[in-house]
Amino acid sequence: MLKFLLFASILSSSFFSLSRLDLKRIKKIKSVELQTEQGAIRPGEDFTVVLKVELLNGAVFYSNLNNRFGFNDFNVTVTGASKNVPNVRKFYLSIGNEVVVESEKKNIKAYENNQLDLKADYGLVNNPYVLVKAQLIEYPQISCELSMPVHFYGEYAFDFSGFEGSSGSHGVTPRVRSTTRNHVMQPAVWRYKEPEINGSDGRDGLTGTFGGHGRTGEDGSDVDVFVSLIDCEFENKKLVKVEVSPEKGETYIRYLEKNGRIIINTIGGNGGDGGRGGNGSDGMPGGQGQRSFDPNTGELIGMNNGTGGDGGNGGHGGSGGNAGDGGKGGDVNIFLEEEAQFFKYRIQVNNYGGEAGKPGGFGVGGYGGLRGDGGKGKANNGSIGKRGLNGYSGKDGAKGEVNYIIWN
């Protein structure tokens, strides 16, 4: 089994020169060969090609395992496929906290020197082959080529489903600052200078904010599909041509054998969840009423004593946000050429509606504030706030239609 490139091969590029082979090394080459794991590929399929170099002494080198020989030494031409350039920015090798090797974007060239990552073209109908040629730059007599046959078996899947709706934000518990006043013990000398002072009532807690509503899921795209038969001149047979055209976006063309399969997903996006309601804030405690006392005996002097303030009521909880509705599945119109009607059952359509999100839960009420105390006694505790309401449930999205139309 052929071993493909690991990150270690990128590292090895730091230690081997990427310059051209010298004449001394060229004379040691017995043969070069292009290799791949696949025996055949289908249009649009990815595959990898590596270089095998055999020396006169029997030693064998693979470009993806050792950079002594690589594609930088060859002129490479590709017919029927496009190159996939890897996105390699940086590579690090560290031992403990120490970075031993740090390489820059030149890694991309090092990677390409190790292997060719290719994607077969989709339109290879009349000439279903991918051809790769490699010719040694310094010694053109040394060359090799690889011809990959293209088959039309298998299946293709297309996804035009809607995105999920975003969830609503959660409500928050508001902050409450105390405005209650406490009155300290006063000596008797004040008893004729001011009236009795009661503790102020605690401030009521605030209502928690409501949860945000979930957003409706996006609808799946409407799609038109055109199915016809075409002649494959190279093999003297007919292929199924399928054109998949979403309402928005490019048209995709695929060629298949008669037992191939097409899968179209245009599912409605799920609705977003409603946000949870915020909790009510707690009521603030009641203030302390004034206490006047005799400085000699320490006894309370009744006429100047105040009553404690009532505790503030707890704030009500906020209601949860409503759930978002599911998006509708896309409508799919399948136009079948009369002689291609058999392919109707080779097209699988998934266009059900998205599920509704979950409604947001209620916020709980805040606790009541504690009653204040005073020389004439305590007041009342605050009451607990009411909880909020749950959000409303959403609706599941409707299933899209599938229509079949016969055309000549």
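What counts, and at which threshold
Residues numbered from 1 in each chain as written. Predicted model: local features only at pLDDT ≥ 70, side-chain atom pairs only at ≥ 80, totals over all residues. Heavy atoms only, no water. Helix = DSSP H or I, 4+ residues; strand = E, 2+ residues; numbered from the N terminus. Buried < 20%, exposed > 50% of the residue type's maximum accessible area, 1.4 Å probe, protein only. Contact = heavy atoms within 4.5 Å. Polar contact = N/O pair within 3.5 Å; in protein donor to acceptor, adjacent residues only side chain to side chain. Salt bridge = Lys/Arg side-chain N within 4 Å of Asp/Glu carboxyl O. Pairing = 2+ DSSP bridges. Axes fitted to C-alpha atoms, helices over the stretch in contact; angles between N-to-C directions. Core = buried A, V, L, I, M, F, W, Y, C linked by side-chain atoms within 4.5 Å. Phe/Tyr/Trp six-rings, centres within 6.5 Å; stacked < 30°, edge-to-face > 60°. Lys NZ or Arg CZ within 6 Å of the ring centre and 35° of its normal. 1 Å grid on protein atoms, 1.4 Å probe; cavity = no way out; pocket = protein on both sides within 12 Å on 5 of 7 lines; lining within 4 Å. Points joined across faces, edges and corners; volume = space filled by probe spheres on them. Patch = residues over 30% accessible without salt bridge, like charges linked within 9 Å, V, L, I, M, F, W, Y side chains within 5 Å. Areas by Shrake-Rupley, 256 points an atom, 1.4 Å probe, with all protein chains shown as cover. Lys, Arg positive; Asp, Glu negative; His and termini not counted. Charge placed at Lys NZ, Arg CZ, Asp CG, Glu CD.

## Overview of the environment of glycine 321
Thought 1: You can see glycine 321 is positioned in the loop between β17 (291–293) and β18 (332–337).
Thought 2: Judged by relative accessible area, glycine 321 falls into the buried class, the value being 0%.
Thought 3: Spatially, the C-alpha atoms of glycine 321 and phenylalanine 210 are 6.6 Å apart, while their sequence positions differ by 111 residues.
Thought 4: Those residues within four positions of glycine 321 in sequence are excluded, and the remaining contacts are Gly211, Gly212, His213, Gly274, Gly275, Pro359, Gly360 and Gly391.

## Notes on the side chain of serine 63
Thought 1: Along the polypeptide, serine 63 turns up in the loop between β3 (60–62) and β4 (74–79).
Thought 2: For serine 63, a relative accessible area of 1% puts it in the buried group.
Thought 3: From its side chain, serine 63 meets the backbone oxygen of asparagine 114 in a polar contact 2.6 Å long.
Thought 4: Every residue in contact with serine 63, bar those within four places of it in the chain, is listed here: Val50, Leu51, Phe69, Gly70, Phe71, Asn113 and Asn114.

## Quick notes on the pattern of salt bridges
Thought 1: Counting across every chain of the model gives five salt bridges.
Thought 2: Here lysine 238 makes a salt bridge to aspartate 231, at a shortest N to O gap of 2.8 Å.
Thought 3: Close ionic contact of glutamate 257 with lysine 237 constitutes a salt bridge, the shortest N to O distance being 2.4 Å. You can see glutamate 257 sitting in the loop between β15 (252–256) and β16 (261–265) and its partner lysine 237 sitting in strand β14 (residues 237–246), a full 20 residues away along the chain.
Thought 4: Glutamate 257 sits in the buried class, given a relative accessible area of 10%.

## Some details on the sheet that holds strand β19 (residues 347–350)
Paired through backbone hydrogen bonds, the strands of a sheet run either parallel or antiparallel to each other.
Thought 1: The three strands are arranged β11-β16-β19 in an open sheet whose pairing can be described as parallel. Each edge of the sheet is formed by a strand with only one pairing partner; in this case those strands are β11 (155–159) and β19. The sheet shows a mean angle of 10° between the axes of neighbouring strands, taken without regard to direction.
Thought 2: Sheet topology note: the β11/β16 ladder contains five bridges and is parallel. Bridging from a neighbouring strand, glutamate 155 pairs with arginine 261 of β16.

## Some details on the environment of aspartate 222
Thought 1: With respect to the helices and strands, aspartate 222 occurs in the loop between β12 (185–187) and β13 (223–232).
Thought 2: Remark: the alpha-carbon pair of aspartate 222 and glycine 400, spanning 178 residues in sequence, is separated by 8.6 Å.
Thought 3: When neighbours within four sequence positions are excluded, aspartate 222 is seen to be in contact with Ser245, Pro246, Glu247, Gly330 and Asp331.
Thought 4: Looking at aspartate 222, its side chain comes within polar contact range of the main-chain nitrogen of aspartate 331, at 2.8 Å.

## Brief notes about the sheet that holds strand β10 (residues 143–149)
Thought 1: On the basis of which strands lie adjacent, the open sheet formed by three strands has the order β4-β9-β10 and antiparallel pairing. Only two strands of the sheet have a single neighbouring strand rather than two, namely β4 and β10. The average undirected angle you get between the axes of adjacent strands in this sheet is 10°.
Thought 2: Examined bridge by bridge, strand β9 (residues 129–136) and β10 share seven bridges and lie antiparallel to one another.

## As for the nonpolar core
Thought 1: Counting 34 residues, the largest nonpolar core has Ile29, Leu34, Phe47 and Val130 as the members making the most contacts within it.
Thought 2: Sorting the residues of this core by element identifies β1 (29–35), β2 (46–55), β8 (116–120), β9, β10 and β13 as the ones contributing at least two each.
Thought 3: Leave out the neighbours within four places in its chain, and valine 130 touches Ile41, Phe47, Thr79, Gly80, Ala81, Ala120, Leu124, Leu146, Ser147, Met148 and Val150.

## A look at the packing of aromatic side chains
Thought 1: Applying the stated criterion across every chain, the model contains six aromatic pairs.
Thought 2: Summarising the aromatic geometry, the rings of phenylalanine 342 and phenylalanine 343 are spaced 6.4 Å apart at their centres and angled 90° between planes, so their arrangement reads as edge-to-face.
Thought 3: With relative accessibility at 0%, the residue phenylalanine 343 sits in the buried group.
Thought 4: Sitting over the ring of tyrosine 122, arginine 254 keeps its end group 3.5 Å from the ring centre.
Thought 5: The ring of tyrosine 156 carries arginine 254 above its face, with NZ or CZ at 5.4 Å from the centroid.

## Details of the side chain of serine 281
Thought 1: Take serine 281: it is sitting in the loop between β16 and β17.
Thought 2: According to the relative accessible area criterion, serine 281 is buried, its value standing at 5%.
Thought 3: Within the local environment of serine 281, its side chain forms a polar contact with the backbone nitrogen of leucine 206, the two atoms lying 2.7 Å apart.
Thought 4: In this structure serine 281 touches Thr173, Pro174, Val176, Gly205, Leu206, Gly314, Gly315 and Gly366, once residues within four positions along its chain are discounted.

## A look at the layout of surface pockets
Thought 1: By volume, the largest pocket is sized at about 190 Å³.
Thought 2: In terms of lining, the largest pocket is formed by 13 residues, of which the most central are Phe71, Lys83, Glu112, Gln115 and Leu116.
Thought 3: Of all the secondary-structure elements, those providing two or more residues to the lining of the largest pocket are β4, α3 (107–114) and β8.
Thought 4: For the lining of the largest pocket, the element with the most residues is β8, which contributes three residues.

## Here's the deal with a negative patch on the surface
Thought 1: On the surface, a cluster of negative charge is contributed by Glu218, Asp219, Asp222 and Glu247.
Thought 2: Mapped onto the elements, aspartate 219 comes out in the loop between β12 and β13.
Thought 3: For aspartate 219, a relative accessible area of 45% puts it in the partly exposed group.

## Concerning the pairing of β10
Thought 1: By the alternation rule, side chains of β10 split into Cys144, Leu146 and Met148, which are all buried, and Ser143, Glu145, Ser147 and Pro149, of which none is buried.
Thought 2: In this antiparallel pair of consecutive strands, β9 and β10, the connection spans six residues.

All we've got here are geometric facts, nothing functional implied.
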